[in-house]
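# Breakdown of the fold
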Amino acid sequence: MNETENVYDALAEADHEGRWAYGAGFDESVVEVTAPAPAGVDRDDLAAYCLMLADDALVASQRLSEWSTNAPELEEEVALANIALDLLGQARVLLSRAGHLGAAERFRTTTMAPALSDEDVLAYFRDDRFFRSVTLAEMDLGDFARTMAWIVVYSSWRLALMTGLRGLSDPVLAAVAAKAVPELAYQREYAAGWVVRLGDGTEYSHERMQAGFDAVWPFTEELFLAHPVETRLVEAGVAVDPTSLRASLDADLAQLLPVATLSRPERPAVGLVGGRGGRDGVHTEALGRMLAIMQSLARAHPDATW
Amino acid sequence: MSTLWDVASEVTDPEMPMLTLADLGVLRSVDQQDGRITATITPTYAGCPALDAMRDDLTARLAEFGEVEVRVSLTPPWTTDLISDEGRRKLAEAGVAPPAHIGPRAVGPVPLTLLAPPARVTCPRCGSPDTEELSRFGPTACTALRRCPACREPFEHMKDI
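Residues numbered from 1 in each chain as written. Chains lettered and ligands numbered in written order. Predicted model: local features only at pLDDT ≥ 70, side-chain atom pairs only at ≥ 80, totals over all residues. Heavy atoms only, no water.

## Here we look at the overall build of chain B
Of regular secondary structure, chain B possesses four helices and seven strands. Seen in sequence order, chain B has helices and strands lined up from the N terminus as α-α-β-β-α-β-α-β-β-β-β. Principal-axis analysis of the C-alpha atoms places the extent of chain B at approximately 55 × 40 × 25 Å. Expressed as a percentage of the 161 residues in chain B, the buried residues total 45%. Long-range pairs, those at least 24 residues apart, make up 54% of the contacts in chain B with a sequence separation of at least 6. Surface accessibility of chain B: about 7800 Å² in total, with carbon and sulfur atoms responsible for 53%. Seen as two clouds, the 16 positive and the 23 negative side-chain charges of chain B have centres 8 Å apart. (Helix = DSSP H or I, 4+ residues; strand = E, 2+ residues; numbered from the N terminus. Buried < 20%, exposed > 50% of the residue type's maximum accessible area, 1.4 Å probe, protein only. Contact = heavy atoms within 4.5 Å. Areas by Shrake-Rupley, 256 points an atom, 1.4 Å probe, with all protein chains shown as cover. Lys, Arg positive; Asp, Glu negative; His and termini not counted. Charge placed at Lys NZ, Arg CZ, Asp CG, Glu CD.)

## Some words on the nonpolar core
Judged by nonpolar contacts, the single largest core of 139 residues is most densely connected at A:Tyr49, A:Leu136, A:Met148, A:Tyr190, A:Phe213 and B:Leu58. In terms of residue count, the dominant contributor to this core is helix α7 (residues 171-199) of chain A (17 residues). There are two domains that each give this core at least three residues, and those are domain 1 (2-72) and domain 2 (118-161) of chain B. Leave out the neighbours within four places in its chain, and A:Tyr190 touches A:Glu76, A:Ala79, A:Leu80, A:Ile83, A:Phe144, A:Met148, B:Arg136 and B:Phe137. B:Ala97, B:Val121, B:Cys123 and B:Phe155 belong to the second largest nonpolar core, which has five residues in total. (Core = buried A, V, L, I, M, F, W, Y, C linked by side-chain atoms within 4.5 Å. Domains from an automatic or database assignment.)

## Quick notes on the interface of chain A and chain B
Facing the 38 residues of chain A at the interface are 38 residues of chain B. Between chain A and chain B, a total of about 3300 Å² is buried, with carbon and sulfur atoms accounting for 61% of that surface. Remark: the boundary between chain A and chain B carries zero salt bridges. Linking chain A with chain B are 13 residue pairs in polar contact (both at pLDDT 80 or more), by the criterion used here. Of all elements in the fold, only α3 (74-100), α6 (144-165), α7 and α10 (246-259) of chain A reach the threshold of two or more residues within the side of chain A that touches chain B. The element best represented in the side of chain A that touches chain B is α7(A), accounting for 14 residues. (Buried area = accessible area lost by both parts, 1.4 Å probe. Salt bridge = Lys/Arg side-chain N within 4 Å of Asp/Glu carboxyl O. Polar contact = N/O pair within 3.5 Å; in protein donor to acceptor, adjacent residues only side chain to side chain.)

What follows is the structure, encoded as structure tokens:
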């Protein structure tokens, strides 16, 4: 423990032994993380895939965290923070796994404390063009109705992905997926409840709920595109084919939207840039603004401990 | 070996101190080899923020018996079915409705239960079977908030997950 009178001095005090201020650093002791890549699986591909799934969760988690102190009711604030925490938990293990497979090394600099964990290096010291999350994860959530539409789409898609991943052969991905499935199902149920209440509520709440789905819709097309890394890993038996996930989201919306008296959005997809999207590090400007806030403290005090 | 397990299993959960880590099903194993103690725990939720506190508490309690390493394992995943009968009794005594037994999980897709009747949870204070949900998410990752119209008391329910 640092004994200083000024909290900022304490944060900046670098003894490299204390706990780093921004993560809890338990990655070395999550036993599954250190398993070798399954036989026949390319290590770099697997690391990239772990980063994709980690960044989807990390970026979405940060977005949801922005509701803290801003939600319409205390109960919803707690709910959104809880969902953010679940996703952060998924992100942390996946970032550690990506780091164990070598993904963090290129982002380490000589000025960083050697004890800085892989997950912290990857979360705080990567620029937006190195994030491999889908652009849905980074979109501005705007109002509460749009956030509920966003959670329904995001959790429905990720639930289908994790359900498939559960039975595949990478021990870390399978373990993360097995934990994630009931959590995502719970989140989807929560948001679907609000979609029904708002959609089948007043004329005004109905309009806002429909506008929420309309705003989210252009980002859904990218969820079902297979990146070459994913295609290779599907063949190796450790990844889920994104093109197979569309039916789950369609089924959930076919069940939910009529009950909520909403219509299925028909808006053109946000286009890829030269065939490249979030999975290649080509993001909307929303991600840069978000990361500027998320990473600023860690970058200002790279050696901070507490 | 049973001694070390007994010592470790007395460590309580940081957020629900009426339960021990053993009651909760979070403590997986305690082994000793060449004086080195390895305790393995599993998180309740993927993002459970209490994990570090659990590790510190376990380390402190076991330190007098040797060098301690606390490992975290995600496999098999924790579910509320792992909470012991003793743990369920302690939860109810403390005013937290224990989770229902879920049993083996389906391996296929999880359907949206939009139109399914809401789960029935008995009030831990007055025993009334008709309680209502206030919020699906409570003060910790494990709990939801409910209210009992009979005794008019709010209470926490440990989510069935």
